[in-house]
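# Coordinates in review
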Amino acid sequence: KSSPQESVLLLKQVTDSGIRYLTQGAGSNVAHALSEAVAKHNSRNPDASVLYMNFAAQDPALTNEKCNFWHFRFDANVDMKLEVITDYIARHKDIKRVYLFNQDYAFGQAISKAAREMLARKRPDIEIVGDDLHPLAKIKDFAPYVTKINASGADAVVTGNWGTDLTLLIKASEESGLRAQFYLLGTGLKGVPTAIGKAGENRLRIVMPFVRDAADLRHPAFADAFKKKYGEDWSFQSVRSIVRMLAAAMEKAKSADPLPVARALEGMRMQGDNGEMWMRAEDHQLFVPLYVATLARAGSKGVVHDWENTGFGFRADARIEARDFTLPTTCRMSRP
C-alpha cells in the first residue's frame, strides 16, 4: 500500500496471524509509519516481536534520528547514494548546471537537501539551476516541468523519481529534445528498460548494487539462474541480501525468534555477489559496494546482456567501495 495508514492496518493483520518477519520498501513515508508501529507493537508484545527488514525505503532518518532496534535497512540510503552520485558529477568538469527534480515526500525532500549540500562542498562552481518537488504519482504530463528544466540550461538532472513519475518524465524529456543527463537513485529497476527504452539510452545514470555485466562481479550465477527459471532479469539485489543475511543470522542465533536473530544481524559481515556485505550495528544500515551504471544498447561496449528483451542493458561505468560512502550516523538506539 502507498498509504501509511493502510499499511499500518495491514501490519495489524500480519501480527494477528503470527507472522514475525516483515519486508517493505516502496515509500519512505510508509517505512516511517511501519517502523514506529513495529516498535510500538514489540514494546507491548515482547513475546510476539516482529522484525522489519527494509529493502528500498531510503530516507536517511530511518537509520539516523528515527532509527529503532527492530528496523534493518538492506539498501543504501539517500545520503550514501548521493555521496556516490555527487562524487561522480564532481569529476566531470563539463557538468556546470544541475537541476534537482523530485517527488514531494520524505524521500524526495531528503534528496534535495543532501544534493545541495554535497555539490556545494565538492564543486562550489556548480550552479543549482532548479529545485522542484512535485506531487507523488499524480502528474500525467511532465512537459511543463521539462520545458522549465530545458530553459534552465541544466547539464544534469538529479532525481529520485520512480514508477510512472520516472517513465513519464524521461519520455517527456525525449519528446522535447532535452539533452541533460539524468542521475537516478535506483533500487528496483524491473520494467525500467521496457517503459523507457530508447528515450533513456545513454542518458540514465543509475546507482545500483548489482550490474550483471560488471567486469568484477564475483557471483553472476544467481542472476543467470533466475532468468533461466523465470524468464525475468534480476533487479532487486537488496531482497537477495535480506534472505541470505537472515538465514545466516538464524543459523548463528540457533533460533528463528526475532530478538536473537536481530542481535545476530548486528555487525554481521558476509560475502555478497559483488563484495562484502556489512550490517553496521550502530544504526542497522547495510553497506555493500555500489556501481554507477548507464542504460545502453545491448551489444555496445560493456553491455552483453539484454534486459527484458528491449535491446538495452546496463553498463557499469564505475564501482565504488563501501568505505567511500560510509557516512557517520546520528542514531542513538535503545536496545531491548
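Located above this text is the structure these notes cover.
The text that follows walks through the structure, step by step, so that each part is easy to find. Owing to the predicted nature of the structure, the values given are computational and were not obtained by experimental measurement.

Turning our attention to the overall build of the protein. Helix and strand content of the protein: ten helices and 13 strands. Taken over the C-alpha trace, the protein has a radius of gyration of 20 Å; the compact-globule value for 336 residues is 20 Å, and the two agree within 12%. With the C-alpha coordinates aligned to their principal axes, the bounding extent of the protein is approximately 60 × 40 × 35 Å. Taken over 336 residues, the protein has a buried fraction of 55%. For the protein, the proportion of contacts with a sequence separation of at least 24, taken over those separated by at least 6, is 70%. In the structure as shown, the protein presents an accessible area of about 14,700 Å², 53% of it carried by carbon and sulfur atoms. Within the protein, the 40 negative side-chain charges are centred at a point lying 2 Å from the centre of the 45 positive side-chain charges.

Here we take up helix α9 (residues 237–253). Spanning 17 residues, α9 covers 24 Å between terminal C-alpha atoms, matching the ideal 24 Å at 1.5 Å per step. Listed as buried for α9 are Q237, S238, R240, S241, I242, M245, L246 and A249. Just downstream of α9, K254 is the residue with a positive phi angle, here 55 degrees.

This part covers the layout of surface pockets. A water-sized probe, rolled over the atoms, reveals where empty space remains. In this structure, the second largest pocket spans a volume of roughly 380 Å³. For the second largest pocket, the lining is made up of 18 residues, of which P60, N64, D79, K113 and A114 are closest to its centre. Contributing elements (two or more residues each) for the lining of the second largest pocket: α3 (78–91) and α4 (106–122). It is α4 that contributes the most residues to the lining of the second largest pocket, seven residues altogether.

By the definition in use, this model includes three cavities of 30 Å³ or more. Lining of the largest cavity is provided by 14 residues; of these, F74, P209, S241, L286 and V288 occupy positions nearest its centre. With three residues, α9 is the single largest residue contributor to the lining of the largest cavity. Of the residues belonging to the lining of the largest cavity, the class tally is seven nonpolar, five polar and two charged.

Applying the stated criterion to the full structure yields one disulfide. Across the disulfide from C67 sits C331; the S-S distance is 2.0 Å. Of note, the bridge from C67 to C331 carries an S-S torsion of about 85 degrees and is right-handed in sense. Taken together, the residues C67 in the loop between β2 (51–54) and β3 (71–73) and C331 in the segment after β13 (312–320) connect sequence positions 264 residues apart.

How each quantity is defined
- Per chain, residues are indexed from 1 in the order of the written sequence.
- The predicted nature of this model means local features are confined to residues of pLDDT at least 70 and side-chain atom pairs, given and counted, to a pLDDT of 80 or more, with totals for whole chains, interfaces and linings taken over all residues.
- For side-chain calculations, the full set of non-hydrogen atoms in the structure is used, while hydrogens and water are omitted.
- Strands are runs of DSSP state E lasting at least 2 residues, helices are runs of H or I lasting at least 4, and numbering of each runs from the N terminus.
- Radius of gyration here is computed from C-alpha atoms only, and the compact-globule reference equals 2.2 Å multiplied by the residue count raised to the power 0.38.
- Burial classification: accessible surface area is computed with a 1.4 Å probe over protein chains only, and a residue below 20% of its type maximum counts as buried, one above 50% as exposed, and the rest as partly exposed.
- Contacts are residue-level and defined by heavy atoms, with any inter-residue pair within 4.5 Å sufficient.
- Computed with the Shrake-Rupley method and a 1.4 Å probe, the accessible areas treat only the protein chains shown as cover for residues.
- Charge assignment in this entry is limited to Lys and Arg as positive and Asp and Glu as negative, and neither His nor the chain termini are counted.
- Every charge is mapped to an atom, namely NZ of Lys, CZ of Arg, CG of Asp or CD of Glu.
- Expected helix span is taken as 1.5 Å per residue step, with the number of steps being one fewer than the number of residues.
- Here a cavity denotes grid points, spaced 1 Å and computed from the protein atoms alone, that fit a 1.4 Å probe unable to get out, and a pocket denotes an open set having protein on both sides within 12 Å along at least 5 of 7 lines; residues with an atom within 4 Å of a point are the lining.
- Grid points are joined across faces, edges and corners, and a volume is the space filled by probe spheres set on the points.
- Polarity classes work like this: nonpolar for Ala, Val, Leu, Ile, Met, Phe, Trp, Tyr, Cys and Pro, charged for Asp, Glu, Lys and Arg, and polar for all others, with Gly in that last group.
- Cysteine sulfur atoms are paired as a disulfide whenever they come within 2.5 Å of each other.

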